[in-house]
Amino acid sequence: MNKKILILLVLAIIIAAGFFVFLGISKTGGKVNPANRSFMRNLLNQARQSEAKGSLLEAKILYQKLVNNFPESSDVAGWQKKAEDINIKLLFSPVLTPKSIIYQIRPGDTLNKIAREHKTTVELIMKSNNINVSLIVPGRKIKIWSAPFSILVDKSQNILLLKSDEEVIKTYIVSTGKNNCTPLGVFKITNKLYNPTWFKAGAVVPPGSAENVLGTRWMGFDLKGYGIHGTTEPKELGKQVTQGCVRLSNSEVEEVYSIVPLGTEVTIVD
C-alpha cells in the first residue's frame, strides 16, 4: 500500500511540474502557443476597432488586457502608451467613467466652489464638459472626476507617474536634481502658479523669458523651494540636471497642472 501511495505521489509531482512548464511557455507573449497568438491578435483588433468608433472606455480596457496578459511582448510599451493616451482623452471628455460622477449645478454654484467641494480643478471641470467660459447654468448636469489623484516621482528612472486611486493614468519623462539632490519623501502641492516669475539670487526673471527655468507652470511643495515646473531645456528631460525640483516639458506640465488640485500628494523615491 505504501509503495502504491509513493508511486501516485511521484506521478502527481510529474504532472504538476509539466503543467507549470506549460504555463511558463504560455506566458511568453504567444511565441510558442498558437492559441495565445490568436487571442492577442483578436484583442488588439478589438481595441483598435473600439478606439476608431470612439468607444474610449472599452478601448482602454482592451489595451490594458493586452498589457496584463502579454507582459513579455515587444509591443507592450506601445499598448501601455495607448491606454495612457486614452486615459487623458477620457479625463478631458464628458464620457462617464467608474472614477467620475454626474453633478447637477445648483443656484449659487460657481466653478471654483464646485471644484473645491469635489477636490478637483476648475480647468478639469471645464475641459471635461466643454465649458469655454466660467458662466454656468443651474440645472445643467456636468461630469466631475471623483477619485483622488496622486503623483509618484521615480528618480532612478526620471519618470513621473500620475495616478488616480493607485491606477497609473499617465507616465511622464522628467528631469530631477543633479547629484541626486531631489529630496525623497511624501509631500503635498500647496501652491500653483500660472506663468510663474522666477526669483533667483540677485535677479527677478519674468514669465516668458528664455532665462526663466520654471517654464509655464509651477506646483510648489510643502517643502520651501521645491516643486514641479516646466522647462526651457526640453532636451535635458530624462536627466539629473536640476537644482532639486522636478521638471516636465511645458506642454506636459500644463496638462498635469490642469488635472491635480491643491493638496495632491507627491511621493518621491530613488
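Because the structure is a prediction, the values reported are computed rather than measured.

*Asks:* Go over the overall build of the protein, please, and point to the residues and values.
*Replies:* On a plain count of helices and strands, the protein comes out with seven helices and 14 strands. A total of 270 residues make up the protein; the buried ones form 42% of that total. Of all intrachain contacts in the protein linking residues separated by at least 6 positions in sequence, the fraction that spans at least 24 positions is 58%. Roughly 14,900 Å² of accessible area belongs to the protein as shown, and the carbon and sulfur atoms make up 59% of that amount.

*Asks:* So what's going on with helix α3 (residues 56-69)? Residues and values would help.
*Replies:* In a regular helix each residue adds 1.5 Å, so 14 residues correspond to 20 Å; α3 covers 20 Å between its end C-alpha atoms and thus fits that length. All of the buried residues along α3 are Leu 56, Ala 59, Lys 60, Leu 62, Tyr 63, Leu 66 and Val 67. Across the axial projection of α3, the buried residues extend over an arc of 165 degrees, all falling on one side. Against α2 (34-53), α4 (76-91) and β5 (167-173) lie the buried residues of α3.

*Asks:* Would you mind going over the environment of Pro 107 in detail, with residue names and values included?
*Replies:* Its place among the elements puts Pro 107 in the loop between β1 (100-104) and α5 (111-117). When the C-alpha positions of Pro 107 and Ile 136 are compared, they lie 9.6 Å apart, and in sequence the two are 29 residues distant.

*Asks:* Provide a residue-level description of unusual backbone geometry, including the pertinent values.
*Replies:* Even without glycine at this site, Asp 165 takes up a positive phi of about 50 degrees. Relative to the helices and strands, Asp 165 resides in the loop between β4 (159-164) and β5. A positive phi angle, close to 75 degrees, is found at Glu 166, a residue other than glycine.

*Asks:* So, the side chain of Thr 264: which residues are in play, and what are the values?
*Replies:* Its location among the elements puts Thr 264 in the loop between α7 (250-259) and β14 (265-269). A polar contact is formed between the side chain of Thr 264 and the backbone oxygen of Pro 261, at a distance of 2.6 Å. Not counting the four nearest positions on each side in its chain, Thr 264 is found in contact with Phe 149, Ser 150, Ile 151, Phe 187, Lys 188 and Ile 189.

*Asks:* Talk me through the sheet that holds strand β3 (residues 149-154); I want residue IDs and the actual numbers.
*Replies:* Sheets are built from strands that pair by backbone hydrogen bonding, the pairs being arranged parallel or antiparallel. Strand order in the open sheet formed by eight strands is β5-β4-β3-β14-β7-β10-β11-β13, with mixed pairing between adjacent strands. The outermost strands of the open sheet, each flanked by one partner alone, are β5 and β13 (246-247). Pairing geometry for β3 and β4, over six bridges, is antiparallel. If you follow Ser 150 over to β4, its bridge partner there is Lys 163. The sheet contacts of α7 involve β3, β4, β5, β7 (185-194), β10 (217-221) and β11 (227-229), and relative to β10 the element is tilted by about 55 degrees.

*Asks:* Explain the pairing of β7 residue by residue, including any values.
*Replies:* Of the strand pairs in this sheet, β7 and β14 are connected by four bridges, and their pairing is antiparallel. Among the inter-strand pairings, Gly 185 is bridged to a residue of β14, identified as Ile 268. Across five bridges, the pairing between β7 and β10 is antiparallel. Bridge pairing in β10 links Ile 189 to Phe 221.

*Asks:* Would you mind going over the packing of aromatic side chains in detail, with residue names and values included?
*Replies:* Applying the stated criterion across every chain yields a total of three aromatic pairs. On the numbers, 5.9 Å between centres and 15 degrees between planes, the contact of Trp 145 with Phe 149 is stacked. Considered together, Trp 145 and Phe 149 belong to a single accessibility category, that of buried residues. With a centroid separation of 5.5 Å and 5 degrees between ring planes, the pair formed by Phe 187 and Phe 221 is classed as stacked. With Phe 187 in strand β7 and Phe 221 in strand β10, the pair connects residues that are 34 residues apart, well separated along the chain. By the burial criterion, Phe 187 is buried, and Phe 221 matches it. Lys 127 extends its terminal NZ or CZ atom over the ring of Phe 92, reaching a point 4.6 Å from the ring centre. Its guanidinium or amino end placed over the ring of Tyr 257, Lys 192 lies 4.4 Å from that ring's centre, counting from NZ or CZ.

Here is what the cut-offs are and how they apply
- Residues numbered from 1 in each chain as written.
- Predicted model: local features only at pLDDT ≥ 70, side-chain atom pairs only at ≥ 80, totals over all residues.
- Heavy atoms only, no water.
- Helix = DSSP H or I, 4+ residues; strand = E, 2+ residues; numbered from the N terminus.
- Buried < 20%, exposed > 50% of the residue type's maximum accessible area, 1.4 Å probe, protein only.
- Contact = heavy atoms within 4.5 Å.
- Areas by Shrake-Rupley, 256 points an atom, 1.4 Å probe, with all protein chains shown as cover.
- Expected span 1.5 Å × (residues − 1).
- Arc of directions from axis to C-beta.
- Polar contact = N/O pair within 3.5 Å; in protein donor to acceptor, adjacent residues only side chain to side chain.
- Pairing = 2+ DSSP bridges.
- Axes fitted to C-alpha atoms, helices over the stretch in contact; angles between N-to-C directions.
- Phe/Tyr/Trp six-rings, centres within 6.5 Å; stacked < 30°, edge-to-face > 60°.
- Lys NZ or Arg CZ within 6 Å of the ring centre and 35° of its normal.

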